[in-house]
Amino acid sequence: GGESEEIEWVIDTTTSGQEGVAMIEAAEVEDDPYAVIYLDMRMPGGWSGLETARYIHQADRNVRIIVITAFVDENVKGIRDILGDRFVYLRKPYVDNELQQLTRFLAADWARSQELDQAMRQLESLNQGKDQFLAMMSHELHDPLAVLLLNGEMLANSEINAEQKQLLQVMERSGKRVLQRINDILDSSKL
């Protein structure tokens, strides 16, 4: 079989919810967010695990949380109301291998979510580029062509010979076709 990719684990620990949330906020500012957080429901001093979860969710809505507890102070529905579906609930004692596998799964899910967010940002950037191109196209091509056609029409209504009139008609037909194509492109892009 093929070689398995080894994941590098970086583990930070805190003794309070306040300290943990501060670490999450700092990681967001540094553009190095956490993927998975282990959170005990009963924490020493300060915030409870659920209160900490609420602040974590406000600081980073994408982080995956593994709630680990030996005490059932809150039901899963109450936790879900605060965190949505981006958490897993484990009872102590847990099995190390199961926790590692769950962490790998949630980290991979988080990474896919980050990739999707990046793709959406790129799509938005491309969309802005398209809008700029269309504005340029309208300004640089459409408007001058419309002016040329109007001037050609005014010239055709003046005193000119038959050959000049025929040349202006060919110019007008060609110009109107190009103008129609530009209008079609602009209309379809607005959809």
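Below you will find a few notes about this structure. (Residues numbered from 1 in each chain as written. Predicted model: local features only at pLDDT ≥ 70, side-chain atom pairs only at ≥ 80, totals over all residues. Heavy atoms only, no water.)

1. Topic: the packing of aromatic side chains
Stated precisely, the cut-off is as follows: The rule is short: rings of Phe, Tyr and Trp, with Trp giving its six-membered ring, pair when the centres are within 6.5 Å, and they are stacked under 30 degrees, edge-to-face over 60, tilted in between. Buried means the residue's accessible area, taken with a 1.4 Å probe over protein chains only, is under 20% of the maximum for its type, while exposed means over 50%, and partly exposed covers the values in between.
Tallied over the full model, the rule gives one aromatic pair. Ring plane angle 15° and centroid distance 4.2 Å describe the contact between W47 and Y55, whose orientation is recorded as stacked. Exposure remark for W47: the relative accessible area of 18% places this residue in the buried category. Its relative accessible area of 31% is what places Y55 among the partly exposed residues.

2. Quick look at the nonpolar core
The following threshold applies: Take the buried residues of types Ala, Val, Leu, Ile, Met, Phe, Trp, Tyr and Cys, join any two whose side-chain atoms come within 4.5 Å, and each joined set is a nonpolar core. The helix count covers DSSP runs of H or I at least four residues long, the strand count covers runs of E at least two residues long, and both are numbered beginning at the N terminus. Note on contacts: a residue pair is in contact if any heavy atoms of the two residues lie within 4.5 Å.
With 16 residues, the main nonpolar core has I37, I56, I65, V67, I79, L83 and F87 as its most contacted residues. Counting only elements with at least two residues in this core, the list comes to α1 (17-29), β1 (36-40), α2 (49-59), β2 (64-69) and α3 (76-83). Setting aside chain neighbours within four positions, we find L83 in contact with A53, H57 and I65. In this structure, V36, I68, L106 and W110 belong to the second largest nonpolar core, which totals nine residues.

3. Digging into the sheet that holds β2
In plain terms, the rule: Should DSSP find at least two bridges between two strands, the strands are regarded as paired. Axis definition: a line fitted to C-alpha atoms, limited for helices to the stretch in contact. Angles are taken between N-to-C directions and run from 0 to 180 degrees.
The three strands are arranged β1-β2-β3 in an open sheet whose pairing can be described as parallel. Each edge of the sheet is formed by a strand with only one pairing partner; in this case those strands are β1 and β3 (87-91). The sheet shows a mean angle of 20° between the axes of neighbouring strands, taken without regard to direction. In this structure, β2 lies alongside β3, joined through five bridges in parallel fashion. Residue pairing in the sheet places I66 in a bridge with V88 of β3. Of the strands in this sheet, β1 and β2 are in contact with α2, which crosses β1 at around 155°. Relative to β2, helix α4 (residues 96-156) is tilted by about 155°, and along the sheet it contacts β1, β2 and β3.

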